[in-house]
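Remarks on the overall topology
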Amino acid sequence: MAMVNGKSLRDEFEARRAAGKLSGEVDAVIRVPMTLLIILISILLERTAPKTSMNSGIPPSQMDGKEETAARSRRRAGAKESGHETGANLRKVAAKETIVVETCEACVADLSGVAPAAHERRTSFDIIFEVVEHKVDAEIKDCPECRARTRGQFPDTMPGPRQYGVGFMAFIINLPVAHMLSLRRTVALVQAISGLRISEAACLNCIRRLHDALEAWEQAAIERLPARPALHVDETGMRVDGKTTGCISSPTDR
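Below: a short report on this structure. Numbers given to residues run from 1 along each chain, matching the order in which its sequence is written. Side-chain atom pairs in this predicted model are given and counted only at pLDDT of 80 or more, local residue features only at pLDDT of at least 70, and totals for whole chains, interfaces and linings cover all residues. In computing side-chain properties, one takes all heavy atoms of the structure into account and sets aside hydrogens as well as water.

Considerations on the packing of aromatic side chains
Each aromatic ring pair is characterised by the separation of its centres together with the angle its planes make. Note the cut-off: Stacked, tilted and edge-to-face are the three classes applied to pairs of Phe, Tyr and Trp rings, where Trp contributes its six-membered ring and a pair requires centres within 6.5 Å; stacked means planes under 30 degrees apart, edge-to-face means over 60, and tilted covers the rest.
Scanning the model with the defined rule gives 1 aromatic pair in all. Taking 5.0 Å as the distance between ring centres and 25° as the angle between the ring planes, the aromatic pair formed by Tyr-164 and Phe-168 counts as stacked.

Overview of the pattern of salt bridges
Inclusion rule: Salt bridge, as used here, is a side-chain nitrogen of Lys or Arg placed within 4 Å of a carboxyl oxygen of Asp or Glu. Exposure categories follow from relative accessible area, calculated using a 1.4 Å probe and restricted to protein chains: below 20% of the type maximum is buried, above 50% is exposed, and the middle band is partly exposed.
Going through the model one piece at a time under the given rule, you end up with 5 salt bridges. A salt bridge links Arg-122 to Glu-120, with the nearest nitrogen and oxygen atoms 3.6 Å apart. A relative accessible area of 77% places Arg-122 in the exposed class. By relative accessible area, which is 69% here, Glu-120 ends up exposed.

Observations regarding the packing of helix H4 (residues 166-178) against helix H5 (residues 183-194)
Heads up, the condition is: Axis lines are fitted through C-alpha atoms, for helices just across the contact stretch, and the angle between N-to-C directions can take any value from 0 to 180 degrees. Helix and strand assignments come from DSSP, with helices taken as H or I runs of at least 4 residues and strands as E runs of at least 2, each series counted from the N terminus. Geometric relationships in this document are graded by angle, where less than 35 degrees denotes roughly parallel, more than 145 denotes roughly antiparallel, 65 to 115 denotes roughly perpendicular, and other angles denote oblique. By definition, any crossing whose near helix is turned counterclockwise from its far helix by less than a right angle is left-handed, and any crossing with a clockwise turn is right-handed. Should any heavy atoms of two residues lie within 4.5 Å, those residues are counted as being in contact. Nonpolar residues are Ala, Val, Leu, Ile, Met, Phe, Trp, Tyr, Cys and Pro. Charged residues are Asp, Glu, Lys and Arg, and all others, Gly as well, are polar.
Where H4 meets H5, the closest approach of the two axes is 10 Å, and the angle between their N-to-C directions is 140°. Comparing their axes, H5 and H4 come out oblique. Every pair of crossing elements has a handedness; the one defined by H4 and H5 is right-handed. Side by side, H4 and H5 meet where Phe-168, Phe-171, Ile-172, Leu-175 and Pro-176 of the first sit next to Thr-186, Leu-189, Val-190, Ile-193 and Ser-194 of the second. Looking at the contact of H4 with H5 residue by residue, the classes come out as 8 nonpolar, 2 polar and no charged.

Now the structure itself:
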C-alpha cells in the first residue's frame, strides 16, 4: 500500500518541477498550500503515533515504555470493571423504557400474551442542567403575654435573603480556577446555563470562601507531612536505584 507523508509529497512536487511540468505561476500557487498540507499531515501523524519516553514530553528518567503501557492497560481494565467512564463525576439518572409488542405486523395476530423471544436495546445520553430553588419561610409570631415578636431561626447555610448552594458555588469556582475562564466569561456562561445573573465579585467571593475553608486543613497538612514515614510525589514518579517509584523518604529519615 502506498504511504503518503510529508517527504513523499515533497519528492513528487520537486520531480514534476524538475521535469518542467510546472510553470513559475503554478509553482508559486501550489507551494503555499503544499506547505500547509505538509504541516497538517505532520500533525496528524504525530497524534496517531504511540507515545513513548522518546517522543513524549515526559523525561525518560520518569517514564518507562513497558511500565507505562502496563499501567495504562490496568487503568482501562479497572475502569471497565468498576463501570466508570468519561464524565463519571456526573450524576447518572438511568431511565429504562420497554416498548411492548402487542400485534404481529405480518398477520395482525394478538401478541399481548406471548413472552418476548429477545430484546434489542438502544441507548441515548443527554445532559440537563437543572437549578433547584429551595425556599425557606421562617414564622414570625407575636407573644400574647409580653407582646414580644419572635422569628424562627434560619439554617446556618442561609445567612442572607439570597445565597447559592454548594453545588452551584463549586461550579462557579471550577470555571476560573480549573478551566482558566475570565470572570466575565464565567458570569456569561453561568447565566447561559442557569439563567441566574451573578456578579464578578460573587465569583471571587466563592473562591475566597473556599480558600478560608481549606486554610485550617492546609496548615494541619503542613505540620503533619514532615512526620510521615514517606512523602508521595506526583504520579510520574522518580527514578530510585534504577526503578520508577512513587514516593521518597521523609525528610526526618534522611
